[in-house]
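# Chains, contacts and geometry: an overview
Each chain, written out:
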Amino acid sequence: MKTLNFIQAIIAEDIKTGKYDGRVHTRFPPEPNGYLHIGHAKSICLNFGLAAEHPGGLCNLRFDDTNPTKEEAEYVKAITEDVRWLGFDWEDRLFYASDYFDQLYRWAVQLIESGKAYVCDLSAEQIRQYRGTLTEPGRNSPYRDRPIEENLKLFEQMRDGKFSDGSKVLRAKIDMASPNLNMRDPVMYRILRATHHRTGDKWCIYPMYDFTHGQSDSIERITHSICTLEFENHRPLYDWCLDALDIYHPQQIEFARLNLTYTVMSKRKLLELVEEGHVSGWDDPRMPTVCGLRRRGYTPESIRNFCARIGVAKFDGVIDIALLEHCVREDLNKRSPRVMAVLRPLKVVIDNYPEDLVEELDAINNPEDPSAGTRKAPFSRVLYIEREDFRENPPKKFFRLAPGREVRLRYGYYITCVDAVKDEHGELIELHCTYDPATRGGDSPDGRKVKGTIHWVSAAAAVEAEVRLYDHLFIKENPDEAEEGLDFKSNLNPNSLDTLTGCRVEPSLAGAEPGSRYQFERQGYFCVDPDSSAEKLVFNRTVALRDSWAKIEKARKW
């Protein structure tokens with residue numbers, strides 16, 4: 001039997017007991033004040049996934065757009081694109097909290113009429129002072145016992161723009177001595193003259209998130225309102241509002257948010273990185289945003305698989321980013337065509353190969369998928385190989401090309417290095433080799449073996465490209481671990497991007513469309529960047545392959 005996580009177990013019990021008439025209706029409620037990141041992807045997969053597990057299950061997409069100073073239509077568009085790209089469909093259930101502003105206002109009036117809310121003239125700083133601390137109870141506002149009629153009139157005047165921003169708020173009347181600070185007469189409405197991305201200037205008062213969230217769930221008949229753990233202390237207020245209004249009451253359930261090594265998830269911190277120019281934008285491939293991961297070459301399947309593997313927990317933890325990289329590597333291994341690309345070219349001249357001959361060698365497109373077939377790779381007298389595939393003085397266990405050594409060219413011939421040519425500065429500029437015509441395809445008729453196989457491209461047929469090699473954005477697993485007086489940005493990785501120009505890729509990649517994914521043999525998985533054009537190919541490294549030689553050299557350094 002499948003093991004249920006704790007949320008699935010709650011839902012299963014609710015269905016068993018007939019709670020909510022056996023319905024399962026969830027929602028994903030982003031605030032449109034930034035771009036979604038991998039942490040949101042976990043919530044998206046969870047909410048849509050829980051609904052999909054049950055016949056008739058539904059999941060809404062709702063924008064909690066209650067703060068017009070930070071919200072933009074740009075973010076709404078980006079979020080809907082990201083959710084759809086991840087593979088989820090809200091059908092006709094796209095909602096906005098702003099759709100409910102009129103009803104929320106009426107509910108606020110209802111609370112005033114029942115003596116459960118009041119207009120307060122304290123400033124934001126005074127409210128903080130009156131609230132108390134975790135060890136000391138708060139003090140009642142001097143405006144807490146205003147008559148109901150006066151509160152109704154003042155709230156109406158707030159709505160009609162009679163008061164300046166910040167001069168008055170509407171507060172719930174709950175308990176200033178509550179051990180939960182969220183229950184100490186929280187603010188429900190504030191005066192804020194700002195143009196809303198949907199309602200324009202209709203309103204100059206806006207509801208707070210805590211007054212909007214539960215009521216929006218209620219209007220949409222949500223059954224299970226799944227939130228991250230930081231909202232656990234808000235649940236009593238969620239319940240209080242619904243009970244005080246005596247309306248349909250969903251159940252709020254909290255789960256642990258996603259934390260990844262070498263990554264920050266805070267929207268505020270990500271915004272800092274963008275605004276201060278540490279990254280090129282929200283879709284920079286080093287960013288943990290969904291659009292950044294997409295641009296880097298991640299697939300929606302790999303992200304969904306990652307979210308399924310990490311599971312759902314009640315307590316915060318940190319997931320190793322290596323698991324995310326494993327998931328995309330595993331997925332791309334199955335689907336990506338193999339191609340040959342030389343990132344740091346070294347010219348090779350095969351002296352005994354006919355100058356005017358070009359052969360078409362058969363190359364396998366994907367060994368994981370026989371139906372992908374083969375392609376033709378042109379082979380000629382002058383080639384490019386990786387500069388790191390040659391050592392003039394090779395150490396032990398280095399089995400690639402060296403003076404007098406024979407290696408196999410992938411899909412091609414055995415070649416032997418006979419000379420290394422250097423310029424006047426002693427820099428290596430080209431190799432001269434000979435080939436064995438009898439070894440076409442990579443095998444020797446006389447049975448001799450070679451230990452090294454390297455990739456190559458034909459110099460005449462290769463296409464020039466720019467390749468961007470991405471690494472972790474931060475040098476520390478926990479970027480927030482900074483020295484005194486410094487912040488997370490002090491841990492930025494100065495080598496998180498290495499842009500290579502003058503790379504050479506096989507001609508089959510000419511005209512590759514942005515978003516196309518490939519495995520560069522022996523290198524890693526790469527994706528065509530949106531900056532790419534017919535005149536200039538640009539590739540982003542999604543994730544590297546395991547490199548046995550790099551491991552050996554790393555071990556030697558220690």
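Going by the structure above, here's the rest.
The structure contained in this document is the topic of the report that follows. (Residues numbered from 1 in each chain as written. Predicted model: local features only at pLDDT ≥ 70, side-chain atom pairs only at ≥ 80, totals over all residues. Heavy atoms only, no water.)

For the rest of this paragraph, the subject is the packing of aromatic side chains. Applying the stated criterion across every chain yields a total of 21 aromatic pairs. Where phenylalanine 101 meets tryptophan 203, the ring centres are 6.2 Å apart and the plane angle is 85°; that geometry is what we call edge-to-face. Of this pair, phenylalanine 101 sits in helix 4 (residues 101-113) while tryptophan 203 sits in the loop between strand 6 (187-191) and strand 7 (205-207), placing them 102 residues apart in sequence. Taken individually, phenylalanine 101 and tryptophan 203 each receive the classification buried, so the pair is uniform in this respect. In this structure an aromatic cluster arises from ring pairing among Phe101, Tyr105, Phe155, Tyr189, Trp203, Tyr206 and Phe211. A cation over an aromatic ring shows up here: arginine 294 above the ring of tryptophan 85, its NZ or CZ 5.1 Å from the ring centre. (Phe/Tyr/Trp six-rings, centres within 6.5 Å; stacked < 30°, edge-to-face > 60°. Helix = DSSP H or I, 4+ residues; strand = E, 2+ residues; numbered from the N terminus. Buried < 20%, exposed > 50% of the residue type's maximum accessible area, 1.4 Å probe, protein only. Lys NZ or Arg CZ within 6 Å of the ring centre and 35° of its normal.)

Attention now goes to empty space enclosed by the protein. It is the rolling of a water-molecule-sized probe over the atoms that shows where space remains empty. Under the defined criterion, the tally for this structure stands at 3 cavities of 30 Å³ or more. Considering only enclosed or pocket space, the largest cavity measures out at about 200 Å³ in volume. The wall of the largest cavity is formed by 19 residues, among which Thr263, Arg286, Met287, Arg296 and Ile321 lie closest to the centre. Those elements that provide at least two residues to the lining of the largest cavity are helix 10 (290-296) and helix 12 (321-335). For the lining of the largest cavity, the per-class residue count stands at 13 nonpolar, 2 polar and 4 charged. By volume, the second largest cavity amounts to about 50 Å³. The dominant element in the lining of the second largest cavity, judged by the number of residues it contributes, is helix 7 (residues 209-219), at 4 residues. Split into classes, the residues belonging to the lining of the second largest cavity amount to 3 nonpolar, 4 polar and 1 charged. (1 Å grid on protein atoms, 1.4 Å probe; cavity = no way out; pocket = protein on both sides within 12 Å on 5 of 7 lines; lining within 4 Å. Points joined across faces, edges and corners; volume = space filled by probe spheres on them. Nonpolar A, V, L, I, M, F, W, Y, C, P; charged D, E, K, R; others polar.)

What follows concerns the packing of helix 2 (residues 38-52) against helix 11 (residues 300-310). For the pair helix 2 and helix 11, interaxial distance at closest approach is 9 Å and the crossing angle is 75°. With respect to each other, helix 2 and helix 11 are oriented roughly perpendicular. Mapping the contact onto sequence places Ile38, Ala41, Lys42 and Cys45 in helix 2 and Ile303, Arg304, Phe306, Cys307 and Ile310 in helix 11. (Axes fitted to C-alpha atoms, helices over the stretch in contact; angles between N-to-C directions. Parallel < 35°, antiparallel > 145°, perpendicular 65-115°, else oblique. Contact = heavy atoms within 4.5 Å.)

Read across the sheet, 4 strands follow the order 4-5-6-7 without closing on themselves; strand pairing throughout is antiparallel. Bordering the open sheet on either side are strand 4 (117-120) and strand 7, each of which pairs with just one other strand. Strand-to-strand, the axes of this sheet are offset by a mean angle of 20°, without reference to chain direction. The sheet contact formed by strand 5 (residues 169-172) and strand 6 spans 3 bridges and is antiparallel. The partner of arginine 171 across the bridge, within strand 6, is valine 187. (Pairing = 2+ DSSP bridges.)

Attention shifts here to the nonpolar core. With 35 residues, the main nonpolar core has Ile38, Ile44, Phe48, Val83, Leu260, Ile303 and Phe306 as its most contacted residues. Counting only elements with at least two residues in this core, the list comes to helix 2, strand 2 (58-63), helix 3 (73-85), helix 10, helix 11 and helix 12. For this core, the leading source of residues is helix 2, giving 6 residues. Apart from the residues lying within four places of it in its own chain, the contact partners of isoleucine 303 are Ile38, Ala41, Trp85, Leu86, Leu293 and Tyr298. One finds Leu111, Ala117, Ala172 and Leu192 within the second-largest nonpolar core, a separate group that totals 33 residues. (Core = buried A, V, L, I, M, F, W, Y, C linked by side-chain atoms within 4.5 Å.)

A few words now on the environment of threonine 199. Counting through the fold element by element, threonine 199 comes out in the loop between strand 6 and strand 7. Sequence spacing of threonine 199 and proline 68 is 131 residues, and the spatial spacing of their C-alpha atoms is 9.6 Å. Aside from chain neighbours lying at most four places away, what touches threonine 199 is Ser98, Phe101 and Tyr206.

Moving on, we get to the pattern of salt bridges. Counting across every chain of the model gives 47 salt bridges. With a shortest N-O distance of 2.9 Å, arginine 62 and glutamate 220 are connected by a salt bridge. Here arginine 62, found in strand 2, pairs with glutamate 220, found in the loop between helix 7 and strand 8 (224-228); they are 158 residues apart in sequence, far enough to count as distant. The same class applies to arginine 62 as to glutamate 220, namely buried. In this structure, a network of salt bridges that share partners links the residues Asp283, Arg295, Glu466, Arg468, Asp529, Asp531 and Lys536. (Salt bridge = Lys/Arg side-chain N within 4 Å of Asp/Glu carboxyl O.)

By themselves, these are just geometric observations and shouldn't be taken as functional.
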